[in-house]
Amino acid sequence: MKNKCFSYVLTCVCGLMLCVASCEKMTVNKEGPGDDANVRLSISRIEQTPFNATRALVADVCSRISFLVYDSSGNRIRKEDQQAEDEDFGQVGFMLAKGHYFLVVTAHSGEGNPTSTDAQRIAFTNKTGFTDTFLYADSLTVGDTDVERLLTLKRIVAMVRFVPYDAVPAQADSIRFYYTGGSGTFDAVAGGWGTVNSKQMQWYGLTHREKKFEIYTIPHVGDDDHLDVQVNTYCGNASDVSIVSECEITGIPVKRNHITTCRGYLFSPVYQQKFNITIDDVWDNDSIVFNINE
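Everything quoted here is computed from the prediction, not taken from an experiment.

The geometry of an aromatic ring pair is captured by the separation of the ring centres together with the interplanar angle, meaning the angle of the planes. Counted under the stated rule, the structure contains six aromatic pairs. Ring centres of Phe-177 and Phe-213 lie 5.7 Å apart, and the angle between their planes is 45°; this geometry places the pair in the tilted category. Remark: Phe-213 occurs in strand β14 (residues 213–217) and Phe-177 occurs in strand β10 (residues 174–180); sequence separation between them is 36 residues. Each of the two residues, Phe-177 as well as Phe-213, counts as buried. Each residue in the set Phe-162, Phe-177, Tyr-204 and Phe-213 is aromatic and connected to the rest through ring pairs, giving one cluster. Positioned above the aromatic ring of Trp-193, the side-chain terminus of Arg-256 is 3.8 Å from the ring centre.

Structural data, given as structure tokens:
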């Protein structure tokens, strides 16, 4: 099935390439000695974040980038991981034989890079972290002339932002958001939609000055996911941890490229079921309001 999906995608879109004839030639890292790279890639734009493709501004949006190349059978044949401190962050060069390929680029700010041996099942985990995440995925044809391509990456995640009315308990030193309903794994061939039902987790250390907390998920196709979130605060160390407060919020709507803002009491049991949930904010102009037990 994977090979059939790749063959279909490559047959339909292998001729589509970005027009860069009017752009200045890019200066990029090249694979191999000298000027041997025949494919040169550069990130020029990230969705909802207009900027010119300079190292400093790309690094303002993400701290890690992975450039991935798959052959026509779906096998990953090239992988270049970059971090913000690397030279030419956001630009890369490859030497590829003539043929048809599938190119995937992910940009994020996790603690590690996703697993990517299968373009239809690229996975972030609780260990690598879930952050604002962007994707470029398209066919790539290598012929007699060099390929130079400017890339526009699109956001594939939804964010939930919690704005508590009450103060974090004084004795708490960490907070955990455990949530289900979304995905940490996506299919790059199908446009970056979630492919599994993940059990996701986000920890925060507390300074008791926090005014908001944010979690990310990758919505499934159809964009009508709802998250169930458990919010626990803790105190103690690895050998002696106790729960200070518990809260559960169910049915939080999420949508790709939107921020869902949850305002309410996270730490005071008597008020825990009073939440105001709004979907809008700066990622997209569409506005959806959803109230729970207000």
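The structure having been displayed, the exposition proceeds.
Following the criterion strictly, the structure yields six salt bridges and no others. With its nearest N and O atoms 2.3 Å apart, the salt bridge here joins Asp-144 to Lys-98. Taken as a pair, Asp-144 in the loop between β7 (134–142) and β8 (147–155) and Lys-98 in the loop between β4 (91–94) and β5 (99–108) lie far apart in primary sequence, 46 residues in all. The exposed category is assigned to Lys-98, whose relative accessible area is 61%. Notably, a salt bridge pairs Arg-161 with Glu-214, separated by 2.9 Å at the nearest N-O pair. Highlighted residues: Arg-161 in strand β9 (residues 158–164) and Glu-214 in strand β14, separated in sequence by 53 residues.

What counts and how
Residues numbered from 1 in each chain as written. Predicted model: local features only at pLDDT ≥ 70, side-chain atom pairs only at ≥ 80, totals over all residues. Heavy atoms only, no water. Phe/Tyr/Trp six-rings, centres within 6.5 Å; stacked < 30°, edge-to-face > 60°. Helix = DSSP H or I, 4+ residues; strand = E, 2+ residues; numbered from the N terminus. Buried < 20%, exposed > 50% of the residue type's maximum accessible area, 1.4 Å probe, protein only. Lys NZ or Arg CZ within 6 Å of the ring centre and 35° of its normal. Salt bridge = Lys/Arg side-chain N within 4 Å of Asp/Glu carboxyl O.

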